[in-house]
Amino acid sequence: MQQIFEVHNVKCGGCANTLITALKEEFGDVTVDLEVNPRKITLDIEDNKKEDLKLKLRSLGYPLTSDELSGFDKAATTAKSFVSCAVGKFNVATGK
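Heads up: these notes are all about the structure in this document. Predicted, not measured: the structure shown is a model, and the values here were computed from it. Starting afresh in each chain, residues are numbered from 1 along the sequence in its written order. pLDDT decides what is reported in this predicted model: residues at 70 or higher carry local features, side-chain atom pairs at 80 or more are listed and counted, and totals for whole chains, interfaces and linings draw on all residues regardless. Only hydrogens and water are removed before side-chain values are computed, so all heavy atoms of the structure are retained for them.

### Structural notes on the overall build of the chain
Then comes step 1: Each helix corresponds to a stretch of at least 4 residues labelled H or I by DSSP, and each strand to a stretch of at least 2 residues labelled E; elements are numbered beginning at the N terminus. A tally of helices and strands in the chain yields three helices and three strands.
Then comes step 2: Going from the N terminus to the C terminus, the chain shows its helices and strands as β-α-β-β-α-α.
Then comes step 3: For 96 residues, the compact-globule estimate of 2.2 N^0.38 gives 12 Å, and the chain sits close to it at 12 Å.
Then comes step 4: Along the three orthogonal principal directions, the C-alpha set of the chain runs to about 35 × 30 × 25 Å.
Then comes step 5: Three labels apply to residues, based on accessible area from a 1.4 Å probe with only protein chains included: buried if under 20% of the type maximum, exposed if over 50%, partly exposed otherwise in between. Looking at the chain as a whole, 38% of its 96 residues qualify as buried.
Then comes step 6: Of all intrachain contacts in the chain linking residues separated by at least 6 positions in sequence, the fraction that spans at least 24 positions is 61%.
Then comes step 7: Accessible areas in this description were obtained via Shrake-Rupley with a 1.4 Å probe; residue shielding takes into account the shown protein chains only. Counting every atom, the chain has about 5,700 Å² of accessible surface; 54% of that belongs to carbon and sulfur.
Then comes step 8: The charge count treats Lys and Arg as positive and Asp and Glu as negative. His and the chain ends do not count. A charge is said to be at NZ when it belongs to Lys, at CZ for Arg, at CG for Asp and at CD for Glu. Of the charged side chains in the chain, 13 are positive and 14 negative, and the gap between their average positions amounts to 7 Å. The atom set for the radius of gyration is the C-alpha atoms, and the globule formula is 2.2 Å times the number of residues raised to the power 0.38. Only heavy atoms enter the contact rule, under which two residues are in contact if any of them lie within 4.5 Å.

Structure follows, in structure tokens:
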């Protein structure tokens, strides 16, 4: 079933590219709405896969807005998002 999730730390097309690429294999097509704050992602997902999505997003540095994180975890996901964003920008630039 198609569902929409709000995520933190998504700033640009590089971030969106990272999300689309990283989630595609496990979750299929993902759209990222960069026109709203907080940013939203839309994908087809069954309820039993939501925890997997939450953990994957956190590992990329883009946690769900509903994800309860400690101060350290917030800082860590923000740092991870900078790296994920840079990778996404590089992949866009090189056509990957």
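There's plenty left to go through after this.
### Things to note about helix α1 (residues 13–27)
Then comes step 1: Given the number of residues in a helix, its expected span is that number minus one, multiplied by 1.5 Å. Counted at 1.5 Å a residue, the expected span for α1 with its 15 residues is 21 Å, and the 19 Å between its end C-alpha atoms agrees.
Then comes step 2: The first or second residue beyond α1 is G28, which carries a positive phi of 80°.

### Overview of the environment of S66
Then comes step 1: Along the chain, S66 turns up in the loop between α2 (50–60) and α3 (71–94).
Then comes step 2: When the C-alpha atoms of S66 and R39 are compared, they prove to be 13 Å apart, with 27 residues separating the residues in sequence.

### A closer look at the pairing of strand β3 (residues 39–44)
Then comes step 1: A strand pair is defined by DSSP finding two or more bridges across the two strands. Here six bridges tie strand β1 (residues 2–7) to β3, and the two strands are oriented antiparallel to one another. What sits directly across from V7, in β3, is R39.
Then comes step 2: Judged from the four bridges that link them, strand β2 (residues 30–33) and β3 form a sheet pairing that is antiparallel. Along β3, the bridge assignment pairs V30 with L43.

### Focus on the environment of P38
Then comes step 1: Structurally, P38 can be placed in the loop between β2 and β3.
Then comes step 2: Taking the C-alpha atoms as reference points, P38 and V7, 31 residues apart in sequence, are found 6.3 Å from one another.
Then comes step 3: Those residues in contact with P38 that lie beyond four places of it in its chain are E6, V7 and T65.

### A few points about the packing of α1 against α2
Then comes step 1: What counts as an axis is a line fitted to C-alpha atoms, over the stretch in contact for a helix, and the angles between N-to-C directions run from 0 to 180 degrees. Between α1 and α2, whose axes approach to 11 Å, the crossing angle comes to 150°. As summarised for this structure, α1 and α2 are arranged roughly antiparallel, according to the angle between their axes. Considering how the two elements wind past one another, α1 and α2 form a crossing that is right-handed. Touching T18, L19, A22, L23, E26 and F27 of α1 are D52, L53, K56, L57 and L60, all from α2. To sort the angles, those under 35 degrees are grouped as roughly parallel, those over 145 as roughly antiparallel, those from 65 to 115 as roughly perpendicular, and the leftovers as oblique. Each crossing gets its hand from how the near helix is turned against the far one by less than a right angle, where anticlockwise is left-handed and clockwise is right-handed.

### Points about the side chain of R39
Then comes step 1: On the secondary structure map, R39 appears in strand β3.
Then comes step 2: By definition here, a salt bridge exists when the distance from a side-chain nitrogen of Lys or Arg to a carboxyl oxygen of Asp or Glu is within 4 Å. For the buried residue R39, which engages in no salt bridge, the nearest side chain bearing the opposite charge is D33, 6.6 Å off.
Then comes step 3: At a separation of 3.4 Å, a polar atom in the side chain of R39 contacts the main-chain carbonyl oxygen of K11. Think of a polar contact as two N or O atoms within 3.5 Å of one another; within protein, one of them needs to be a possible hydrogen donor and the other a possible acceptor, and neighboring residues in sequence only count if both atoms come from side chains.

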